[in-house]
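Each chain, letter by letter, is given below.
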Amino acid sequence: MNESHYIQIEGVVQRFKTRQGEFEALRQIDLRIAKGEFVALIGHSGCGKSTLLNLIAGLTSPTEGLLLCAGREIAGPGPERAVVFQNHSLLPWLTCFENVHLGVERVFGSGSRSAGAKSERKSELAARTHAALELVGLSHAAHKRPGEISGGMKQRVGIARALAMEPKVLLLDEPFGALDALTRAKLQDELLEIVARTHSTVVMVTHDVDEAVLLADRIVMLTNGPSATIGEVLAVPLARPRRRVELSENPNYLQCRKAVIDFLYTRQAHVEKEAA
Ligand SMILES: Nc1ncnc2c1ncn2[C@@H]1O[C@H](COP(=O)(O)OP(=O)(O)OP(=O)(O)O)[C@@H](O)[C@H]1O
């Protein structure tokens with residue numbers, strides 16, 4: 001397997017059947033993502049970012065084209081690809097520990113073991129769950145239910161649940177979109193640290209230009225829909241570890257930021273006016 005082609009998206013078209021007829025959300029998407037790479041998907045609201053992420057997650061299948069992960073066709077969801085949504089999909093009646101444990105059990109649990117092995121397996125599952133909560137700084141809240149913790153903490157539980165499954169690919173759909181600026185910045189920094197430690201391949205949908213430049217190795221910019229496609233791909237030439245305070249005056253940072261803003265608000269804003 002070619003590690004620079006860990007995720008391959010080849011000639012992908014996505015059409016939806018609607019009451020008004022067929023709607024083409026995405027056309028001719030070609031993208032290759034390397035193992036360990038962090039890719040941000042950015043574009044205006046409704047252009048098709050989530051549609052593309054759902055295809056990589058295997059939650060939907062393309063109308064045309066092909067998606068591969070580690071050389072194998074993506075034919076459905078798989079444990080090697082974990083998704084974190086914007087609205088932390090936690091079960092409200094379970095504690096933080098139990099919410100994370102649920103995912104861990106699904107991936108690593110097994111019903112067909114002897115009683116002795118099973119109890120050891122159980123302790124392993126619990127250890128895995130605790131480690132994930134610790135990674136996102138939530139050990140102290142393991143016993144709390146979602147209704148008893150803040151929005152940022154809930155989002156961290158969602159990230160812990162995804163990380164605990166040890167996915168090769170982390171798919172993030174605006175995971176910090178609903179958070180205040182300070183919590184968002186803190187979680188971005190945590191995500192940078194976690195990804196540096198786990199070497200996960202990450203695809204993250206965002207609306208936020210600064211977030212994309214801070215976190216990503218490459219920024220994939222989608223044109224406006226319908227029939228959205230990749231308008232431009234920008235490599236972010238910033239060394240890691242990245243620290244937001246130092247970056248704010250870094251000429252490469254400012255240049256990347258400008259390029260994305262120019263794409264979104266000059267070139268794509270223009271297309272929007274033409275289409276209207
Ligand atoms: N199941 C579906 N049936 C019909 N149309 C759909 C379906 N899913 C998405 N669409 C349409 O496809 C387009 C892309 O939607 P998508 O949710 O991927 O956009 P997005 O870029 O993620 O938007 P946002 O940034 O607002 O979350 C939109 O016009 C949307 O209405």
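Residues numbered from 1 in each chain as written. Predicted model: local features only at pLDDT ≥ 70, side-chain atom pairs only at ≥ 80, totals over all residues.

> Help me understand helix α5 (residues 181–198), please; the structure alone is not making it clear to me.
Spacing of three or four residues puts side chains on the same side of an α-helix, whose turn is 3.6 residues. In this model α5 runs 25 Å from its N-terminal to its C-terminal C-alpha over 18 residues, within 8% of the 26 Å that 1.5 Å per residue would give. Buried residues of α5: L187, Q188 and L191, and no others. Projected onto a plane normal to the axis of α5, the buried residues spread over an arc of 110° and lie on a single side. Along α5, exposed side chains directed more than 90 degrees from the buried face belong to L182, E193 and R197. (Helix = DSSP H or I, 4+ residues; strand = E, 2+ residues; numbered from the N terminus. Expected span 1.5 Å × (residues − 1). Buried ≥ 20, exposed ≤ 12 C-beta atoms within 10 Å, placed from the backbone. Arc of directions from axis to C-beta.)

> I'm lost on the site of the ligand in this one. Help?
As a structural note, the neighbourhood of the ligand is formed by 13 residues, with F16, A25, S45, S50 and T51 the closest of them. The set of elements that each furnish at least two residues to the shell around the ligand consists of β1 (7–18), β2 (21–33) and α1 (49–57). For the shell around the ligand, the leading source of residues is α1, giving 3 residues. By residue class, the composition of the shell around the ligand is 4 nonpolar, 8 polar and 1 charged. (Near = placed C-beta within 6 Å. Nonpolar A, V, L, I, M, F, W, Y, C, P; charged D, E, K, R; others polar.)

> Is there a simple way to explain the sheet that holds strand β3 (residues 38–42) in this structure?
Sheet strands associate in pairs through backbone hydrogen bonding, adopting either a parallel or an antiparallel arrangement. With mixed pairing, the 6 strands of this open sheet are ordered in space as β6-β7-β8-β3-β9-β10. The outermost strands of the open sheet, each flanked by one partner alone, are β6 (81–84) and β10 (230–235). Each strand of the sheet is rotated relative to its neighbour by a mean of 15°, with strand direction disregarded. Strands in contact with helix α4 (residues 151–164) are β6 and β7 (169–173); relative to β6, the strand with the most contacts, it is inclined by about 175°. (Pairing = 2+ DSSP bridges. Axes fitted to C-alpha atoms, helices over the stretch in contact; angles between N-to-C directions. Contact = placed C-beta atoms within 7 Å.)

> How should I be thinking about the domain arrangement of the chain in this particular structure?
For an interface, size is often stated in terms of accessible area lost upon the parts coming together. By the assigned domains, the chain splits into domain 1 (1–80 + 167–183 + 191–275) and domain 2 (94–165). Domain 1 and domain 2 are separated by 28 Å when their C-alpha centres are compared. Counting from both sides, the interface comprises 10 residues of domain 1 and, opposite them, 9 residues of domain 2. Broken down by element, the residue count for the side of domain 1 that touches domain 2 peaks at 3 residues, all from α5. Each residue belonging to the side of domain 1 that touches domain 2 can be placed in one class, and the counts come to 8 nonpolar, 2 polar and no charged. (Domains from an automatic or database assignment.)

> Explanation requested: the packing of α4 against α5 in the structure shown.
Between two packed helices, what matters for the description is the angle formed by their axes and the separation of those axes. Taken N-terminus to C-terminus, the directions of α4 and α5 make an angle of 15°; their axes are 11 Å apart at the nearest point. Considering their axes alone, α4 and α5 lie roughly parallel with respect to each other. The two elements α4 and α5 cross, and the hand of that crossing is right-handed. For the pair α4 and α5, contact is made by G152, Q155, R156 and L163 and by T183, L187, I194 and T198, respectively. Here the contact of α4 with α5 is composed, by residue class, of 3 nonpolar, 4 polar and 1 charged. (Parallel < 35°, antiparallel > 145°, perpendicular 65-115°, else oblique. Left-handed = near helix turned anticlockwise from the far one by under 90°.)

> Would you explain unusual backbone geometry in this entry?
Here the amide bond leading from G225 into P226 is cis, since omega sits at -10°, within 30 degrees of zero. Checked against the element boundaries, P226 lands in the loop between β9 (218–222) and β10. Residue P241 follows R240 across a cis peptide bond; omega there is 0°. Secondary-structure assignment places P241 in the loop between β10 and α7 (244–247). Positioned with a positive phi, A70 is a non-glycine residue whose angle comes to about 50°. By the element assignment, A70 lies in the loop between β4 (64–69) and β5 (72–73). In this structure A70 comes out as partly exposed when scored by C-beta crowding, with 18 C-beta atoms within 10 Å.

> Honestly, the pairing of β2 in this entry has me stumped. Any pointers?
In terms of strand pairing, β1 meets β2 through 9 bridges, oriented antiparallel. Bridging from a neighbouring strand, I9 pairs with L31 of β2. Where β1 hands over to β2, the hairpin turn is made up of 2 residues, counted between the paired strands.

> Help me understand the environment of E37, please; the structure alone is not making it clear to me.
By the element assignment, E37 lies in the loop between β2 and β3. Through-space distance from the C-alpha of E37 to that of L182 is 26 Å; in sequence the pair is 145 residues apart. In contact with E37, other than residues within four places in its own chain, are T201, D217 and R218.

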